[in-house]
Number of protein chains: 2
Amino acid sequence: MENRRNFIKKSSIYGLGLSVAPGMVFKKRDKKVTEKLRLGFIGVGLRGTNHLHNALSRSDVEVVAVCDVDPNRLSIAGKMMEEAGHKLAKTFGKDELDYLRMLEMKDLDAVIISTPWLWHTRMATDAMKAGKYTGVEVSAANTMEECWDLVKTHERTGSHLMLLENVCFRRDIMAVMNMVRQGIFGELLHMRCGYQHDLRFVKLNDGKTPYGLGVEFGDKGISESKWRTRHSLKRNADLYPTHGVGPVATMLDINRGNRFMTITSHATKTRGLHNYIVRHGGTHHPNASLKFKLGDIVTSTIETANGETIIVTHDTNSPRPYSLGFRVQGTKGIWEVDGHRIYIEDQSKPHHWDQDDSWLDRFDHPLWKKYGAQATGAGHGGMDYFVMKAFVESALQNIAPPIDAYDAAAWSAITPLSERSIEHHGMPMDFPDFTKGRWIKRDRYDWLKDRY
Amino acid sequence: MENRRNFIKKSSIYGLGLSVAPGMVFKKRDKKVTEKLRLGFIGVGLRGTNHLHNALSRSDVEVVAVCDVDPNRLSIAGKMMEEAGHKLAKTFGKDELDYLRMLEMKDLDAVIISTPWLWHTRMATDAMKAGKYTGVEVSAANTMEECWDLVKTHERTGSHLMLLENVCFRRDIMAVMNMVRQGIFGELLHMRCGYQHDLRFVKLNDGKTPYGLGVEFGDKGISESKWRTRHSLKRNADLYPTHGVGPVATMLDINRGNRFMTITSHATKTRGLHNYIVRHGGTHHPNASLKFKLGDIVTSTIETANGETIIVTHDTNSPRPYSLGFRVQGTKGIWEVDGHRIYIEDQSKPHHWDQDDSWLDRFDHPLWKKYGAQATGAGHGGMDYFVMKAFVESALQNIAPPIDAYDAAAWSAITPLSERSIEHHGMPMDFPDFTKGRWIKRDRYDWLKDRY
């Protein structure tokens, strides 16, 4: 009797899931679902080759195309494929728009875009229009219009977009997500997160080695300094919100029963990049006279529809150790990544922190338990293995990914909204409802399932 | 030659200090400065008797008057004086306005006010009007009008007001202040602070013991629950900002070359007190039907005139260990009280935190080096010894205290300003300039001097 009841319960849950969960509706493709995902890469710089490496290690992926405007990066990608015993892919990159030719390929199911920020939305929408299952690196969009472009193109084409936010798959984050879902923190109240990473040596280099000393950027720089630094020169905003806000948004069910409502943002004065240039290049270096616009530390606070608040920090020009500064706080307890500490009412000694390791072990996510060994070495402590797994397995079934176009839009919208708020000393800015009201009925994503 | 040059330099600095520093202008008193400060206490509850204890241990204080409406507290204060071998003081408290009779005393130089919040401004302004050197517990004011009352009364009467913010005198805070002044952090950029203290068992008790279980407050409560909890019932604001913002404001020279400009505030939903009442009193307890207005976690961000930002947190209804959450961050480094960690460029191992103990030892404040042994046991880890020392020594000379009427007003203004901002989802609110423009020339306070 007990078994039968369980069986019926399970069946009806699964039935319900299949009938109403968004993204469970299969759409037509040129051919029926392949056993191997035929994958292409737009951009094989440092980030793109990391993804390529993880794709090549999977038996369910065939890399069929690689695109980069830098012949040197194309040749590095070619060598990687050769060494992996993978047949060589078609290459593209004769000019900046050559990726469009790659998207014309019929035998290409999905693409991963790892290019400079200003190309993300353009390439992602072009890929969706070409019917490709699309993965795009963070952030997805630079302006509010671009956020809408992502959503509208997804809705118009039916093509799926996944934002490749790897921190959502970090081992501690997934364990804490597991705890959130099991109610360990009670009802969530307040979250903290951010991108606190001294990037001075990334934004400025010697034009020869990505992380070498030097104070060049733009045309005279190399790697990220070629394109990333101009954002700091011209924009005062949270330029890179998703590593922090992504994990927090998934825990708060943003766009799935909850949503971002308003944001206020404040920036400090601007000192770090100028000081670094003067120190390493001298006061007479031409870059020493530049007026960078990005405040050294940008603080944003978001209000959600369900009454939680989130502090998001952007701190990339100051000397400090790296931290994404996570805090998860609810009516029953609190976890903070800084200090690796946790306090759960009735379980921790009153008024005293526990170290979080035994808690994180106990609530280790099923995916990490199963694939943790494989994941190690994939990059960024294993996160990159899981982001690739989620992308490939979702793409193979052509189902909605765990982080979709609405998430990409809402998370990336922090950049233009914070910019406008900062300009007005913290004036609250409304988030658009990218789901057009459907957040009230969109299903919570099942972060605990073992297969996509 | 070198010695002579130093001597001239020193002399002129001291000369300058004496001629322009505000508060160095002595004002007339009824009699010439006494050797002993004749001190009175308005309010001898838990906080007031702590101050009384510290006053009784000083040889430069004579306690001449004590006022409390609770005869039980008066008798406790009397016993303390007896045990200290101190002659008994006059007592007042036959009704709530009896403190006015005490203020009529001619042989009373100074008063310390440790009463419920709603009495602070009223009593402080009455004391200043009576010509007394006035110390008031935190916060000093509940409304913007009260903030102005403090400033205007100080200016009209010439009586000094000191806000008795003890955390400004905490050993780690004074060491970090020492480091700030010596430029260890470079130019300051961003600060964090707040009052994160689970007060559920303070705001609610059984009416018999201050920290006993129980879910009563107001007329049925005892100690702080008698008066403090109604603020949580009726106001959604940062109700208690000064323990956090005080130390940070002193490091940033607020009102002395810098000032608070704008604030945005956000509150989470309200859960903690209701949940606690239900859990300990049951769903049918009358207090379980109350709708508390205070959001469980209130987040404010302040912009300063000099371009720094400050995050201020108020978090008193949730299970969590105590922390004031200090961060001091500048162009050269960062200190965080949580984790007791510090990073100073070129001195710390790149990208790695140092434990802060050796830094705090090295920059231990001269006052702590000299009086630390005496301070221990004075209450709150020694802070209370130093706040009393600052008050008494400033009052004996009738000079401006380290934390004055302008500071009391600006720091306390966070409560009404945050309240209005929260109501409008973080709308920025302007701080009034309580110094009427004089912050641009008011001298930086010398926190490193050894005597007042």
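Above this text sits the structure in question.
Residues numbered from 1 in each chain as written. Chains lettered and ligands numbered in written order. Predicted model: local features only at pLDDT ≥ 70, side-chain atom pairs only at ≥ 80, totals over all residues. Heavy atoms only, no water.

Draft legend 1. Main features of the interface of chain B and chain A. Across the contact, 56 residues belong to chain B and 56 residues belong to chain A. Buried surface at the junction of chain B and chain A, both sides included, amounts to about 4,500 Å², of which 50% is carbon and sulfur. Counting across the interface, chain B meets chain A through 14 salt bridges. Of the charged contacts in the structure, one is a salt bridge between Glu308 of chain B and Lys269 of chain A, with a shortest N-O distance of 3.3 Å. Applying the counting rule to chain B against chain A returns 29 residue pairs in polar contact (both at pLDDT 80 or more). Broken down by element, the side of chain B that touches chain A gets its largest block of residues, 5 residues, from strand β7 (residues 188–196) of chain B. For the side of chain B that touches chain A, the per-class residue count stands at 13 nonpolar, 24 polar and 19 charged. (Contact = heavy atoms within 4.5 Å. Buried area = accessible area lost by both parts, 1.4 Å probe. Salt bridge = Lys/Arg side-chain N within 4 Å of Asp/Glu carboxyl O. Polar contact = N/O pair within 3.5 Å; in protein donor to acceptor, adjacent residues only side chain to side chain. Helix = DSSP H or I, 4+ residues; strand = E, 2+ residues; numbered from the N terminus. Nonpolar A, V, L, I, M, F, W, Y, C, P; charged D, E, K, R; others polar.)

Draft legend 2. How the structure looks around the sheet that holds strand β4 (residues 110–113) of chain A. All names here are of chain A. Taken in spatial order, the 6 strands of this open sheet run β3-β2-β1-β4-β5-β6, and their pairing is parallel. The open sheet has two edge strands with one neighbour each: β3 (90–92) and β6 (161–163). Within this sheet the neighbouring strands show an average axis-to-axis angle of 25 degrees, counted without direction. Two strands pair when backbone bridges link them, and β4 and strand β5 (residues 133–136) are joined in this way by 4 bridges, in the parallel orientation. Residue pairing in the sheet places Ile112 in a bridge with Gly135 of β5. (Pairing = 2+ DSSP bridges. Axes fitted to C-alpha atoms, helices over the stretch in contact; angles between N-to-C directions.)

Draft legend 3. Broad picture of unusual backbone geometry. With an omega dihedral of -25 degrees, the bond running from Val138 of chain A to Ser139 of chain A counts as a cis peptide bond. Within the fold, Ser139 of chain A resides in the loop between β5 and α6 (144–157). Of note in this structure, Ser223 of chain B is not a glycine but carries a positive phi near 55 degrees. The partly exposed category is assigned to Ser223 of chain B, whose relative accessible area is 24%. (Buried < 20%, exposed > 50% of the residue type's maximum accessible area, 1.4 Å probe, protein only.)

Draft legend 4. Region of the structure containing the relation of the copies chain B and chain A. The transform that puts chain B on chain A rotates by 180 degrees and translates by 0.0 Å along the axis, for an RMSD of 0.0 Å. Such a combination of rotation and displacement between the chain copies is what one expects of a two-fold axis. Both copies share a contact surface, since 100% of the interface residues of chain B are interface residues in chain A too. (Least-squares fit on C-alpha atoms with pLDDT ≥ 70 in both.)

Draft legend 5. Looking closely at the sheet that holds strand β8 (residues 260–267) of chain A. All names here are of chain A. Ordered in space as β14-β13-β12-β11-β7-β10-β9-β8-β15, the 9 strands form an open sheet in which the pairing is mixed. Because the sheet does not close on itself, it has two edges, and the strands there are β14 (354–355) and β15 (429–430). Note that strand β7 (residues 188–196) and strand β11 (residues 327–330) share 4 bridges and pair antiparallel. Opposite Arg192, over in β11, you have Arg327 as the bridge partner. Strands in contact with helix α16 (residues 414–423) are β8, β9 (297–304) and β15; relative to β8, the strand with the most contacts, it is inclined by about 55 degrees.

Draft legend 6. Representation of the packing of helix α6 (residues 144–157) of chain B against helix α15 (residues 405–412) of chain B within the structure. All names here are of chain B. One can describe the packing of α6 onto α15 by two numbers: an axis separation of 8 Å at closest approach and a directional angle of 170 degrees. As far as their axial angle goes, α15 and α6 are roughly antiparallel. Counted together, Cys147, Leu150, Val151, His154 and Glu155 of α6 and Ala405, Tyr406, Ala408, Ala409 and Ser412 of α15 form the full contact between these two elements. Taken together, the residues that form the contact of α6 with α15 break down as 7 nonpolar, 2 polar and 1 charged. (Parallel < 35°, antiparallel > 145°, perpendicular 65-115°, else oblique.)

Draft legend 7. A look at the side chain of Asp296 of chain A. Positionally, Asp296 of chain A belongs in the loop between α11 (272–281) and β9. In this structure Asp296 of chain A is buried but unpaired, with Arg271 of chain A as the nearest side chain of opposite charge at 6.5 Å. Here Arg271 of chain A takes part through its backbone nitrogen, which lies 2.8 Å from a polar atom of the side chain of Asp296 of chain A. What Asp296 of chain A contacts, discounting residues up to four positions off in sequence, is Thr268, Lys269, Thr270, Arg271, Gly272, His314, Asp315, Thr316, Asn317 and Ser318 of chain A together with Leu189 of chain B. (Lys, Arg positive; Asp, Glu negative; His and termini not counted.)

Purely spatial values, then, with no claim about function.
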